Amino acid sequence: MARVADFIYYRAIYRGLLSRLPEPAAVALGQAALRWLPLDRLPLFRSPDPRLAVTLGGVRLPNPLILSSMYYDLAILRRAMGLGFGAVTTKSITLGSRPGHPRPNLVRIETSAGPGLINCNGFQNPGLGAYRAALPSLPHRVPLIVSVAGESVEEYATLVRELGAFGDLVEVNISSPNTALVYQWSQKPSELAGLFQAVRAATTKPLIVKLSPDFSEVNEDAIIPAALEHGIRIVNYGNTRRVTEPRLSQGAGGLSGPEIFPGTLENARRIRRRFGESLQLIATGGIDAPEKALSVLEAGADACGYFTGFITRGPLLARRILDRLSGELDRRRLAHLAELRGPQAAA
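Quick caveat: nothing in here was measured; it's all calculated off a predicted structure.

Asker: Quick question: what am I supposed to make of the overall build of the protein here?
Answerer: Of the regular secondary structure elements, the protein holds 12 helices and 14 strands. Here the protein has a C-alpha radius of gyration of 19 Å; the compact-globule value for 347 residues is 20 Å, and the two agree. Seen through its C-alpha atoms, the protein measures out along the principal axes to roughly 50 × 45 × 40 Å. When each of the 347 residues of the protein is scored for burial, the buried share is 56%. When contacts within the protein are restricted to residue pairs at least 6 apart in sequence, those whose partners lie at least 24 apart make up 73%. Approximately 13,900 Å² of the protein is accessible, and the part contributed by carbon and sulfur atoms is 56%. The protein carries 40 positive and 30 negative side-chain charges, and their two centres are separated by 5 Å.

Asker: Looking at this structure, I do not really get the packing of helix α8 (residues 216–229) against helix α9 (residues 261–275). What am I missing?
Answerer: When two helices pack together, their arrangement is given by the angle between the helix axes and the distance between those axes. One way to put it is that α8 packs onto α9 with a least axis distance of 12 Å and a crossing angle of 45°. By the angle class used here, α8 and α9 are oblique. α8 and α9 meet at a crossing whose hand is right-handed. Contact residues: α8 offers Ser216, Glu220, Asp221, Ile224, Pro225 and Leu228, while α9 offers Arg270, Ile271, Arg274 and Phe275. Residue composition of the contact of α8 with α9, by class: five nonpolar, one polar and four charged.

Asker: Would you explain α8 in this entry?
Answerer: In an α-helix there are 3.6 residues to a turn, and that puts residues three or four apart on one side. Taking 1.5 Å per residue as the helical rise, α8 with its 14 residues ought to reach 20 Å, and the 19 Å between its terminal C-alpha atoms agrees with that figure. Where α8 is concerned, the buried positions are Val218, Asn219, Glu220, Ile223, Ile224, Ala226, Ala227 and Leu228. The secondary structure elements touched by the buried residues of α8 are α7 (192–202), β9 (207–211), β10 (234–237) and α9. One or two residues past the end of α8 sits glycine 231, with phi positive at roughly 80°.

Asker: Explain the packing of aromatic side chains to me, please; I cannot follow it from the model alone.
Answerer: To describe a pair of aromatic rings, you give the distance between the ring centres and the angle between the ring planes. Evaluation of the coordinates by the stated rule reveals five aromatic pairs. Members of the aromatic cluster, each reached through a chain of ring pairs, are Phe85, Tyr306 and Phe310. Above the ring of tryptophan 185, the side-chain terminus of lysine 188 is found at 4.5 Å from the ring centroid. Cation over ring: arginine 242 sits above tyrosine 183, and NZ or CZ is 5.9 Å from the ring centre.

Asker: Explanation requested: a nonpolar patch on the surface in the structure shown.
Answerer: On the surface, Ile13, Leu17 and Leu29 cluster together to form a nonpolar patch covering roughly 250 Å² of accessible area. The residue leucine 29 is located in helix α2 (residues 23–36) in this model.

Cut-off values and rules
Residues numbered from 1 in each chain as written. Predicted model: local features only at pLDDT ≥ 70, side-chain atom pairs only at ≥ 80, totals over all residues. Heavy atoms only, no water. Helix = DSSP H or I, 4+ residues; strand = E, 2+ residues; numbered from the N terminus. Rg over C-alpha atoms; globule rule 2.2 N^0.38 Å. Buried < 20%, exposed > 50% of the residue type's maximum accessible area, 1.4 Å probe, protein only. Contact = heavy atoms within 4.5 Å. Areas by Shrake-Rupley, 256 points an atom, 1.4 Å probe, with all protein chains shown as cover. Lys, Arg positive; Asp, Glu negative; His and termini not counted. Charge placed at Lys NZ, Arg CZ, Asp CG, Glu CD. Axes fitted to C-alpha atoms, helices over the stretch in contact; angles between N-to-C directions. Parallel < 35°, antiparallel > 145°, perpendicular 65-115°, else oblique. Left-handed = near helix turned anticlockwise from the far one by under 90°. Nonpolar A, V, L, I, M, F, W, Y, C, P; charged D, E, K, R; others polar. Expected span 1.5 Å × (residues − 1). Phe/Tyr/Trp six-rings, centres within 6.5 Å; stacked < 30°, edge-to-face > 60°. Lys NZ or Arg CZ within 6 Å of the ring centre and 35° of its normal. Patch = residues over 30% accessible without salt bridge, like charges linked within 9 Å, V, L, I, M, F, W, Y side chains within 5 Å. Salt bridge = Lys/Arg side-chain N within 4 Å of Asp/Glu carboxyl O.

What follows is the structure, given as C-alpha cells:
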C-alpha cells in the first residue's frame, strides 16, 4: 500500500508541477533531482526476488526491466542503477560530440491512452573521446548497455570497438527518427549485412540491434535475418514512432508513451511467432504500467525497456512492475520468470 500511495503522490507532482513547467525547466529539475537525491540508497526501489532474473546474451540481469537510452550523465546513470532496473542503457554515443537539435526539441502530449512525449533531441552527447575517458569511473551495480549510433559502417565499428570494453552489452542503434542518416539505415537494408559483420568483428560483447517500429516489414524480412546471420541475436524492438509535430524545431519527432504500446505488444507476439527461440527480444515502447510489462513478457519478450514511463509514472514504476511479476509467479506457482511465456507465444 505504501508504494501505491507513493505512486499517487508522484502522479500529483507530475500533473501539478512538472507538467506545468516549460519542458526545458522540467527536464532540468528532474535531472537535478536524479543527480543529487540519493534515492538509489533506498531499498524500496529494488526487488529481492531471485525468480525475476533473466539472461541476455549470457549476461545475468537481476530482473527484466531496462532503462532505455536517454541519459549520458554518469551521475544519473549511477543513481538509476539503484532504482530497480535490471540494466540501464546509455544515451546513444556518436563519434564526435553533438549539441542536439535546437529547442524546442521536446514537447508533452496527452492522448486517450495517457501522457506521452515527442522529442527531436538529435543525439546530444559528448562524443566518443570524452565518453571513453569517463566510463571507467562508472561502477556497474547492474549491467550497463552502451548504445552507439553512426552514419557509416566505419563509425559504428569504431564506436563498438572503443566503447564495448566499458559495457556489459552494446546496443547498435539504427532506429532514431530524429537523425536522418541513422534513421535511413532501415531504408537501405541491403547495406546492413556489412554493418552487422563489422560490428560483430569489433567486440566479443553481446550485441543488441535496436529497430524502429516504423519499418516492421523490412525489420522482419531483411534486418533481423541479416543480424542473426552475423551472430547478433538480441533485438530491441523498438524505438519511438516518427510523427509530425509543428511545435518542435524539426517539425517532427519521435512519439513515446502509452499511445504506442499496442504496436509494441503486437510486435512482440509476431516476432516470437516468426523467429521462435533463434533470438532474444527486448520489447520497448509505451510500457508505463505493471500489466503492460506482464503482457509483453507473456507474449514472448525476454526483457522490456522503458523511459517515458519513468518520467510520467515516476521512479517507483519499476518496483510496482516487479511486485506484479512476483505476484503472478506466486499465483501460477512458477519458479522462473521465463515460465510466464506460454507455448502460444511461439505458436
